[in-house]
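Chain residues, written in single-letter form:
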Amino acid sequence: MQHVNGVAHRGPVVSVDELECAENSSERMGGDMGNPKYDKEATGLTNDNPNVSWRLTRAAQLLGIEYPIIQAPFGGLPSQHLTATVSNLGGLGSLGAVTLGSSAIKEVIAEIRSLTERHFAINLWVSTSDQGASHISAEAIDQAIQSYASYYAELGIERPSHVEVRSQDFEAQVVSAIDAHAPILSFTFGIPPAEVLSECRKQGIRTIGTATTPEEAVALEDAGLDLIVASGFEGGGHRGSFLRSASDSLIGSISLIPQVVDAVRVPVIAAGGIADARGIAAALALGAEGVQIGTAFLPCVSSGACKPHAAALLSEAAKRTGLTDAFTGRLARGLSNRLMDELEAWNSPPLPFPLQHTVTQTFAGPAALQGKTELMTLWAGQSASLCRCTDATELMTRLIAGTRARLGGIMKGRNKDASNNEKSGRLYRP
Ligand SMILES: Cc1cc2nc3c(=O)[nH]c(=O)nc-3n(C[C@H](O)[C@H](O)[C@H](O)COP(=O)(O)O)c2cc1C
């Protein structure tokens, strides 16, 4: 690979078998962190060279990482160790901070910094509470608790006399993350306010938005987000839709990725259903410049998932997932279990988020402590049954080596397309 001023440039062959070239590339790519403009030339994406590496995407360059593989944030299950491990291996570790207050956010950022010198992302939810949530009476909450009486009885626990509903304040969280100089901030459930994005730009903090439809992707790009996650409905956890309802925004990754790629100019990161190198290769072939992988990291010992959750992901139970709003009040995907089936069959609608979550946690939390997976909320995506690894280092190594092994042929075609597109004056997207 040719380096000019520490940056990869067009020129003689870049080997696809380039793992050995990785050592200095984080530094090299990270040199541009303060510059909101990506450098297409430096990524080699304008290159006619048929052997340009799969990993040198604009997303990797913007994020200052070696491999365009992002470990997804897990809101409610943060793990500083998993985040740092993935970053240390050349990917981007993320930490889901939705449940953390301002001072906890500062602490986790400091801890991640003590574990890695590389870039990582802190993830926040722009909307942490549904509109109707503040109008729900104490009686309505009490009624909901009473309706779950059989679960408290089954678990042998007291029915709570009241619950304290708390949701974090996004504004305070984001100020805290910016003050602590998080290298990258990723967002879901909406568009961060203009002043937040402008402050991020000033501080050289890269921003990632989450889109579940092409329209959301355009809105995020128009607002100035640097990169966009295209979140297919196969993915585990919540659907972060914000323009239409989540149930009216369900698009699978194979349809969503190319539509988002066509709709925006900023780099697109594919999320939802990617659990191995085949998924990464497919996402890149569809035009994504990076992937965000969640479920496959959950069974890893360093993840924040509890043991029964991790074990369920590696069991027969991983074969069936479902989308439900009955666990939290917002639509989310998890392993189908008795709790999901029973709550889905309930006649009354769930309480608004986060009230429903707070209430169901009064028995789903104890169920986790007792290892009763049938009454737990087991977040997972549709590729859960592809989970194999319980070690994050092994998983990252497999993802990188597997993608490298698969992508020679695809990259050749892709770079031919690139030169044709350049010639016809169209914007090339890999
Ligand atoms: C347990 C769990 C928690 C999640 N929490 C968040 C979150 O707080 N913020 C977010 O942007 N995405 C969250 N996600 C979604 C992931 O970022 C990612 O898009 C998704 O996991 C990708 O699909 P996959 O699970 O099929 O890999 C979560 C996913 C899971 C499985």
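Our structure is the block above this text.
To start, this report covers the structure provided alongside it. This one's a predicted model, so the numbers in the text were calculated from it and none came from an experiment. (Residues numbered from 1 in each chain as written. Predicted model: local features only at pLDDT ≥ 70, side-chain atom pairs only at ≥ 80, totals over all residues.)

**Here's the deal with the nonpolar core**
Formed by 108 residues in total, the largest nonpolar core has its most connected members in Ile228, Ala230, Ile269, Ala270 and Ala288. If you tally residues by element for this core, the top one is helix 16 (residues 392–423), at six residues. In this structure, this core is formed jointly by two domains, domain 1 (65–126 + 167–299 + 394–406 + 416–430) and domain 2 (130–162 + 301–388), each of which donates at least three residues. Discounting chain neighbours no more than four positions away, the residues touching Ile269 are Ala59, Ile70, Ile208, Leu227, Ile228, Val229, Ala288, Glu289, Gly290, Val291 and Gln292. (Core = buried A, V, L, I, M, F, W, Y, C linked by C-beta atoms within 7 Å. Buried ≥ 20, exposed ≤ 12 C-beta atoms within 10 Å, placed from the backbone. Helix = DSSP H or I, 4+ residues; strand = E, 2+ residues; numbered from the N terminus. Domains from an automatic or database assignment. Contact = placed C-beta atoms within 7 Å.)

**Regarding the sheet that holds strand 11 (residues 290–293)**
Pairing is parallel in the open sheet, where eight strands are placed in the order 3-11-10-8-7-6-5-4. The open sheet has two free edges, formed respectively by strand 3 (69–71) and strand 4 (93–96), since each of these has just one partner strand. For this sheet, the mean angle separating the axes of adjacent strands, direction not counted, is 25°. As defined by bridge partners, strand 8 (residues 227–231) adjoins strand 10 (residues 268–271) across four bridges and the pair is classed as parallel. The residue bridging Ile228 from the neighbouring strand is Val268, located in strand 10. Contacts from helix 4 (residues 80–88) reach strand 3, strand 4 and strand 5 (120–125) within the one sheet, and its direction differs from that of strand 4 by about 160°. Contacts from helix 8 (residues 170–179) reach strand 5 and strand 6 (184–188) within the one sheet, and its direction differs from that of strand 5 by about 165°. (Pairing = 2+ DSSP bridges. Axes fitted to C-alpha atoms, helices over the stretch in contact; angles between N-to-C directions.)

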